[in-house]
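# Per-entry structural report
This is what each chain is made of:
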Amino acid sequence: MKFNFKDFFNYNKRERNGIFILLSIIALLLIYLAFSDNFIHSKKINFSDFDKQITAFQESQKQDSAEAKNNFSENENHSEINQAPELFIFNPNTATETDWKTLGVADKEIKIIQNYLAKGGHFYKKEDLKKIYGFSEKQYLALADYISIPSKKNNFQKHDSAFYSNNYSREKNNFETKKIISIEINAADSLQLLSLRGIGPYFAHKILEYRNRLGGFYNTHQLFEIYHFDSTRFDEIKNNILVDTNLIQKININMCTSKQLRRLPYINYNLSNSIVNFRLKHGNYKQVSDIQQSVLMNGEVYEKIKPYLSVK
């Protein structure tokens, strides 16, 4: 059959109608695409609100930055409040600058308190602390339960000059007697410790805190292990303190865990594990000195911890 190129262009009526419809659709689509922008008006996005929010945010950032700068400048002039205050029983009439700082009071307020006391001021009740300029209600509430103002002192301040004159000798004798009273530091409370010369609220708190960690003192020289406790302070109280080693809370090395051993400041993580693991491997200790078989034990540490250990 001979191929004729003209056969490609010979269509019947039905095919011609189909081609016409197809071309019409294509033409309509082209017209639509060409003029669609004139018929469809896309809604423009309004960025004004967003711009306002950005402006407000920038203004707040500038304000915060200015406040931070002012706070920093103020802190440089007056010193910052302690970040981690330690609370303990204290008398605002006798508390030292170190005591106030430990309690978390800012240098500015400490200076005002000291000036107030230096000019003859006195705190007769704990609420009087709120009268100090700059001392907030929040600060007062945080310290209120720890303020201790001896009633005897308050009553003493209220007596007239005749009473002072008539009772001066008796008060002096009481003071001299007070100086020679011995205090057993393993049973003493904070008020008893405060009666010692050179011991204020800060060191009374630190002595009790360290005693609780140890389980009791076996030697008065262990007080030197307290931070900032020096020989000058020790010399003032050494003749007025004593130690009852029977009050020491001992740790049973045949029943304790490594965590319980680490209560003692002389025992670290590795040594406590070594003592317990040796017991688990070889059985109970027959006597405290058996812990020296631990490869991590040395003579100096053993002498420090043996008063705190028992085998039953």
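Computed from a predicted model, the values in this text were never measured in an experiment.

### So, the overall build of the chain
Helices and strands together make up the secondary structure of the chain, namely 13 helices and four strands. Per-residue burial over the chain gives 30% buried out of 312 residues. Looking at the chain alone, contacts between residues at least 24 apart form 55% of all its contacts between residues at least 6 apart. Accessible area for the chain stands at about 22,100 Å²; split by element, carbon and sulfur atoms hold 54% of it.

### Here we look at the pattern of salt bridges
Under the criterion given, the structure shown has eight salt bridges. Notably, a salt bridge pairs lysine 238 with aspartate 235, separated by 3.6 Å at the nearest N-O pair. For aspartate 235, a relative accessible area of 44% gives the class partly exposed. Several salt bridges converge on common partners, so that one network encompasses Lys125, Asp128 and Lys131.

### What about the packing of aromatic side chains?
Within the structure shown, the criterion is met by nine aromatic pairs. On the basis of an interplanar angle of 75° and a centroid distance of 5.3 Å, the ring pair of phenylalanine 90 and tryptophan 100 is categorised as edge-to-face. A residue pair is termed long-range when its members are at least 10 positions apart, and phenylalanine 90 in the loop between α2 (48–78) and α3 (97–102) and tryptophan 100 in helix α3 qualify at ten residues. Between tyrosine 116 and phenylalanine 123, the aromatic rings sit 5.3 Å apart at their centres with planes inclined by 50°, giving tilted as the arrangement. Classification of tyrosine 116 by relative accessible area gives partly exposed; the value is 34%. Taken together, the ring pairs connect Tyr202, Phe203, Phe224, Phe229 and Phe234 into an aromatic cluster.

### Considering the side chain of serine 272
Note on placement: serine 272 falls in helix α12 (residues 269–282). Using a relative accessible area of 0% as the deciding quantity, one classes serine 272 as buried. Contact partners of serine 272, with chain neighbours within four places excluded, come to Ser258, Leu261, Arg262 and Ile267.

Reading guide: rules and limits
Residues numbered from 1 in each chain as written. Predicted model: local features only at pLDDT ≥ 70, side-chain atom pairs only at ≥ 80, totals over all residues. Heavy atoms only, no water. Helix = DSSP H or I, 4+ residues; strand = E, 2+ residues; numbered from the N terminus. Buried < 20%, exposed > 50% of the residue type's maximum accessible area, 1.4 Å probe, protein only. Contact = heavy atoms within 4.5 Å. Areas by Shrake-Rupley, 256 points an atom, 1.4 Å probe, with all protein chains shown as cover. Salt bridge = Lys/Arg side-chain N within 4 Å of Asp/Glu carboxyl O. Phe/Tyr/Trp six-rings, centres within 6.5 Å; stacked < 30°, edge-to-face > 60°.

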